[in-house]
Amino acid sequence: MLILSPSILAADFTKLGEQIKETVEAGAEYIHLDVMDGMFVPQISFGMPVIETIRSCTDKVFDVHLMIQDPGRYIETFAKTGADIITVHAEACTHLDRVIQQIKAAGVKAGVALNPATPLSALDYVLDELDMVLIMTVNPGFGGQKLIPYCLKKVSDLRAMMKERGLDIDIQVDGGIKASNAKEVIEAGANVLVGGSAVFSGDVAANTKAFMDVFAEFE
Ligand SMILES: O=C(CO)[C@@H](O)[C@H](O)COP(=O)(O)O
Ligand SMILES: [Co+2]
């Protein structure tokens, strides 16, 4: 199933609830929540109070992307805010296996994110534990960046790695994803697309529909 996960980092925070409803009504199945701590990535974004507040806006999947150092400290807390999926960066975890177990013990789906330069081998021993792999298609920390082309080869290599192991796990791509490159990333093997500036710059409903139109080509 092809899924759009709009990143609210690019939304107008003066009308966040309204914009979430707009993109959901136009077809978004997930809402992507970029939590940044100013340590693992340069920017600080938002945390638990924002997620708790917007949880009542929609029953769609809250797809929490933790760009924070040592995320094991906060798994239970983010699970309590209403996260449905918690994705942590392999690069930010001293004990990645333990953090994955913490996420699952909290009753939440587990995702692991890899920065562009991080090899797929970082997933070798934990891949079959996961519900989703997030392949960063930009260096994390900011919205509005350009997709890094070599990351698409990483997506297709990961899809091939999964096939070899008889696994069919969601692959999320995050950063610089547009309706104009959505076909290419889907053909590479991604099925969950994060759209930040591509969804929330301008007409949210029309931008969301542009992704839905691409998805319809694969039905
Ligand atoms: O995690 C991140 C950035 O670190 C992403 O989720 C961005 O927020 C996506 O924004 P666009 O590149 O789609 O504008
Ligand atoms: Co993200």
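Conventions we followed
- Residues numbered from 1 in each chain as written.
- Chains lettered and ligands numbered in written order.
- Predicted model: local features only at pLDDT ≥ 70, side-chain atom pairs only at ≥ 80, totals over all residues.
- Heavy atoms only, no water.
- Helix = DSSP H or I, 4+ residues; strand = E, 2+ residues; numbered from the N terminus.
- Rg over C-alpha atoms; globule rule 2.2 N^0.38 Å.
- Buried < 20%, exposed > 50% of the residue type's maximum accessible area, 1.4 Å probe, protein only.
- Contact = heavy atoms within 4.5 Å.
- Areas by Shrake-Rupley, 256 points an atom, 1.4 Å probe, with all protein chains shown as cover.
- UniProt positions renumbered as here; feature names shortened; annotations may be inferred.
- Near = heavy atom within 4 Å.
- Polar contact = N/O pair within 3.5 Å; in protein donor to acceptor, adjacent residues only side chain to side chain.
- Nonpolar A, V, L, I, M, F, W, Y, C, P; charged D, E, K, R; others polar.
- Right-handed = clockwise from strand over helix to strand, strands pointing away.
- Pairing = 2+ DSSP bridges.
- Axes fitted to C-alpha atoms, helices over the stretch in contact; angles between N-to-C directions.
- Core = buried A, V, L, I, M, F, W, Y, C linked by side-chain atoms within 4.5 Å.

A. Main features of the overall build of the protein. If you tally the helices and strands in the protein, you get eight helices and eight strands. Whereas a compact globule of 219 residues would reach a radius of gyration of roughly 17 Å, the protein reaches 16 Å, a difference of no more than 12%. Referenced to the eigenvectors of the C-alpha coordinate spread, the extents of the protein come out at roughly 40 × 35 × 30 Å. A buried classification covers 54% of the 219 residues belonging to the protein. Relative to all contacts within the protein whose residues are 6 or more apart in sequence, the contacts with residues 24 or more apart total 64%. For the protein, the accessible surface area stands at approximately 9500 Å², while carbon and sulfur atoms represent 52% of it.

B. Examining the UniProt feature "binding site: substrate" (unreviewed entry) in the protein more closely. Taken from the UniProt record, the annotation "binding site: substrate" (unreviewed entry) applies to Ser7, His65, Gly141, Phe142, Gly143, Gly144, Asp174, Gly175, Gly176, Gly196 and Ser197. With respect to the secondary-structure elements, glycine 141 resides in the loop between strand E6 (132-136) and helix H5 (150-164). Taking the relative accessible area as the measure of exposure, glycine 141 reaches 2% and is therefore buried. Residues within four places of glycine 141 in sequence aside, it is in contact with Met36, Val41, Pro42, Gln43 and Met67. By secondary structure assignment, the location of glycine 175 is in the loop between strand E7 (170-174) and helix H6 (179-188). On the basis of relative accessibility, which here comes to 11%, the residue glycine 175 falls in the buried class.

C. Spotlight on unusual backbone geometry. Despite not being glycine, aspartate 70 has its phi angle at roughly 55°, a positive value. Assignment of secondary structure puts aspartate 70 in the loop between strand E3 (61-67) and helix H3 (75-81). Assessed through its relative accessible area of 35%, aspartate 70 is described here as partly exposed.

D. Region of interest: the site of ligand 1. Neighbouring residues of ligand 1: 20 residues in total, closest Asp34, Gly141, Asp174, Gly196 and Ser197. Here glycine 141 contributes a backbone N or O atom positioned 2.7 Å from an oxygen atom of ligand 1. Glycine 176 places a polar main-chain atom, nitrogen or oxygen, 2.8 Å from an oxygen atom of ligand 1. In the complex, 99% of the free accessible area of ligand 1, which totals 380 Å², lies under the protein chains. Counting only elements with at least two residues in the shell around ligand 1, the list comes to strand E2 (30-36), E3 and strand E8 (192-195). A per-element tally of the shell around ligand 1 places E2 first, with three residues. Split into classes, the residues belonging to the shell around ligand 1 amount to seven nonpolar, 11 polar and two charged.

E. Region of the structure containing the pairing of E3. For E3, the tally of buried residues reaches six of seven residues, placing the bulk of the element in the interior. Each parallel crossover has a hand, and for E2 linked through helix H2 (residues 48-54) to E3 it is right-handed. One ladder, built from four bridges, connects E3 with strand E4 (residues 85-89); its direction is parallel. The residue of E4 that forms the bridge with aspartate 63 is isoleucine 85. Taking the sense of rotation as the criterion, the β-α-β connection linking E3, H3 and E4 turns out right-handed.

F. Highlighting the UniProt feature "binding site: a divalent metal cation" (unreviewed entry) in the protein. In the numbering used here, UniProt assigns the "binding site: a divalent metal cation" (unreviewed entry) feature to His32, Asp34, His65 and Asp174. Their sequence span is 143 residues, while the largest C-alpha to C-alpha distance among them is just 10.4 Å; these annotated residues converge on one region. Take histidine 32: its relative accessible area is 0%, and that puts it in the buried class. What histidine 32 contacts, discounting residues up to four positions off in sequence, is Ser5, Pro6, Ser7, Ile8, Asp63, His65, Leu134, Gln172, Asp174 and Val194. Tracing the backbone shows histidine 65 in strand E3. Residue class for histidine 65 comes out buried when judged on its relative accessible area of 0%. Polar contacts involving the side chain of histidine 65 include one to the side chain of histidine 32, which spans 3.4 Å.

G. Focus on the packing of H5 against H6. Their axes nearest at 8 Å, the elements H5 and H6 cross at an angle of 35°. Contacts between H5 and H6 involve Leu152, Val155, Ser156 and Arg159 on the former and, on the latter, Glu184, Val185 and Ala188.

H. Structural context of the nonpolar core. One finds Ile8, Leu158 and Leu193 to be the most contacted residues of the largest nonpolar core, which totals 63 residues. Sorting elements by how many residues they give to this core places H5 first, with five residues. Excluding residues that lie within four positions of it along the chain, isoleucine 8 makes contacts with Phe13, Leu16, Ile20, Ile31, His32, Leu33, Phe46, Ile54 and Phe200.

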